[in-house]
Amino acid sequence: MKGGYGFTKLDPQAVCGINLQGGTILWSSRGGLSPNSSEAQVDEVFQKLDTIGCNMLFIIGGDGTHRGAYRLYQHAKKTHRKMCIAGVPKTIDNDLGVIDSSFGFNTAVEQATKAIFSAVTEATCNKPNGVGIVKLMGRHAGYIACHATLASRQVDMCLINEDPFLENNGPEAVGNYIEEAVARKGHAVIVVAEGAGSAYLKKLRQEQEQHEKKEDASGNEALASPCEFLIGYLKKHFKSKGKPITIKYHDPSYMIRSVPANASDNVLCVVLAQNAVHGAMAGYTGFTSGIVNNRSVMIPMPVIMATSPSFLNPKGRTWSRVLAATQQPVSRGLHGFMHNS
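For the structure given in this document, a descriptive report is provided here. (Residues numbered from 1 in each chain as written. Predicted model: local features only at pLDDT ≥ 70, side-chain atom pairs only at ≥ 80, totals over all residues. Heavy atoms only, no water.)

So, on to the pairing of strand 3 (residues 130–136). Counted residue by residue, strand 3 has six buried out of seven residues, so it is predominantly covered. Two strands pair when backbone bridges link them, and strand 3 and strand 5 (residues 187–193) are joined in this way by seven bridges, in the parallel orientation. Bridge pairing in strand 5 places isoleucine 133 opposite isoleucine 190. (Buried < 20%, exposed > 50% of the residue type's maximum accessible area, 1.4 Å probe, protein only. Helix = DSSP H or I, 4+ residues; strand = E, 2+ residues; numbered from the N terminus. Pairing = 2+ DSSP bridges.)

This is how it looks when you write it as structure tokens:
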């Protein structure tokens, strides 16, 4: 089913070489089925599938996509349809629960690291007091920002939604630390997940009576931009100290989304796809193909629903490693680290 608009036949000739292409030949869009979709909307999907005699449906995507897939599974079970519903996890945010990693995540981290290197070069070469700010995907989960920070080893501050640094420490803590980093080495680089500081910025907008709730096609609240806020604040901070600042803002989101999968994700894609087909051919339904403890498994969709979206633990080992790499201040109230990642 191509983007919900029709069907395209995927024979060996049609899919030959698509692993070398970026994007998707099936198209993608916001919206579609959700747990709140009506019975009529769900039934319409099955009516389309009936026109081609389809009895196996493989749905590829992240948390929202899987919730829509589970809605289809529930309807098929309720109406006694002989239809296999199987999910394949594909989200670069890596925010599906249970699984080790989602298809696309490693590629996203690899490309995000290149964007960070670009920001380092720009910040180093642009004087005086060059500061690079890199916005990375991660509305609620900061996995890409954290792993790219660890991979690059050249980031001075990483901000994610899971760590309420702006709310706990205030923007002045960001300004003071970046000022110190610039004074120490001549430049600084900040990596910001797109959802970082969302609670703080929402509260700030409410105090300024500027909060008008907006939603995208999937029903997600449109968040205020943490990068725009930080750019404005850092300029004011340095100006108040009588110091110049040169800020270069990098938003590689669409560059990251559009590149071909790397070798690791290509292999993972094959494993997930074949595992999903094996499960469907064996007569299973309502499951998601995934890797758990480095083993290919079939996970019941209710388990995925109950554990997704997943979040990075701000008291875990991964975030501890990020803080050690950046040497940034610890968010107040998050002292002491647990042993899980």
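Resuming the write-up.
On to the sheet that holds strand 8 (residues 295–300), then. Read across the sheet, four strands follow the order 1-2-7-8 without closing on themselves; strand pairing throughout is mixed. Of all strands in the sheet, those bounded by a partner on one side alone are strand 1 (56–61) and strand 8. Neighbour-to-neighbour, the strand axes of this sheet turn through a mean angle of 30 degrees, independent of strand direction. As paired elements, strand 7 (residues 287–292) and strand 8 share six bridges and run antiparallel to each other. Each bridged residue has a counterpart across the sheet, and for isoleucine 291 the counterpart in strand 8 is serine 296. Taken strand by strand, helix 11 (residues 263–281) contacts strand 1, strand 2 (84–89), strand 7 and strand 8, and its axis lies near 140 degrees from that of strand 7. (Axes fitted to C-alpha atoms, helices over the stretch in contact; angles between N-to-C directions. Contact = heavy atoms within 4.5 Å.)

Looking at where histidine 66 falls in the secondary structure, it is placed in helix 3 (residues 63–78). Residue classification places histidine 66 among the buried residues on the basis of a relative accessible area of 0%. Apart from the residues lying within four places of it in its own chain, the contact partners of histidine 66 are Gly61, Gly87, Val88, Pro89, Leu96, Thr288, Ile304 and Met305.

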